[in-house]
Amino acid sequence: QVQLVESGGGLVQPGGSLRLSCAASGSIGSVYTMGWYRQAPGNQRELVAKIPRGATPNYADSAKGRFTISRDNAKNMVYLQMNSLKPEDMAVYYCNFVLGIMRLNYWGQGTQVTVSS
């Protein structure tokens with residue numbers, strides 16, 4: 001079993017910053033891609049950023065220039081530094097790991113990010 005646990009969400013004012021973390025535990029094996037997705041009420045889950053193993057990160061247009069994804073392979077962790085937050089960034093943020101030769105997707109339980117004055 002693989003478990004992903006996110007942390008770091010919360011309430012922040014517009015223009016503020018948050019750093020999300022996601023830790024994986026269990027029978028992890030090879031991690032191909034680590035990523036962050038988000039889902040706002042009434043919307044579909046969407047990609048925020050992902051970082052394939054040994055490759056450069058990909059960002060949604062809405063995240064470019066403001067968010068930075070990074071990974072620590074030794075610790076099986078992924079981070080999302082979010083700066084210049086906007087009300088439209090408010091959502092539940094989920095981390096995602098793609099594991100193993102079968103490229104199975106695993107998801108965390110989500111962490112709420114609220115951007116409001």
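Just so it is clear, the structure is predicted and the values come from calculations on it, not from any experiment.

Description of the state of the cysteines
Here's step 1: This structure, assessed with the given rule, holds one disulfide.
Here's step 2: Sulfur-sulfur distance for the disulfide between C22 and C95 comes to 2.0 Å. You can see C22 sitting in strand β3 (residues 18-26) and its partner C95 sitting in strand β9 (residues 91-99), a full 73 residues away along the chain.
Here's step 3: Since its relative accessible area comes to 0%, C22 is described here as buried.

Notes on the pairing of strand β5 (residues 46-52)
Here's step 1: Taken together, the six bridges between strand β4 (residues 31-39) and β5 define a ladder with antiparallel strand orientation. Paired with W36 across the strands is A49, a residue of β5.
Here's step 2: Turn length for the β4-β5 hairpin, with the two strands adjacent in sequence and antiparallel, is six residues, and the turn residue G42 shows positive phi of about 80°.
Here's step 3: Pairing between β5 and strand β6 (residues 58-59): two bridges, direction antiparallel. Of the residues in β6, the one forming a bridge with A49 is Y59.

Points about a nonpolar patch on the surface
Here's step 1: Residues I101, M102 and L104 make up a contiguous nonpolar surface patch of roughly 370 Å² in combined accessible area.
Here's step 2: Inspection of the secondary structure puts L104 in strand β10 (residues 104-107).
Here's step 3: Judged by relative accessible area, L104 falls into the partly exposed class, the value being 43%.

Digging into the pairing of β10
Here's step 1: Note that β9 and β10 share four bridges and pair antiparallel. The partner of N96 across the bridge, within β10, is W107.
Here's step 2: Between the antiparallel neighbours β9 and β10 lie four residues, among them G100 with a positive phi of about 70°.

What counts, and where the lines are drawn
Residues numbered from 1 in each chain as written. Predicted model: local features only at pLDDT ≥ 70, side-chain atom pairs only at ≥ 80, totals over all residues. Heavy atoms only, no water. Disulfide = S-S within 2.5 Å. Helix = DSSP H or I, 4+ residues; strand = E, 2+ residues; numbered from the N terminus. Buried < 20%, exposed > 50% of the residue type's maximum accessible area, 1.4 Å probe, protein only. Pairing = 2+ DSSP bridges. Patch = residues over 30% accessible without salt bridge, like charges linked within 9 Å, V, L, I, M, F, W, Y side chains within 5 Å. Areas by Shrake-Rupley, 256 points an atom, 1.4 Å probe, with all protein chains shown as cover. Salt bridge = Lys/Arg side-chain N within 4 Å of Asp/Glu carboxyl O.

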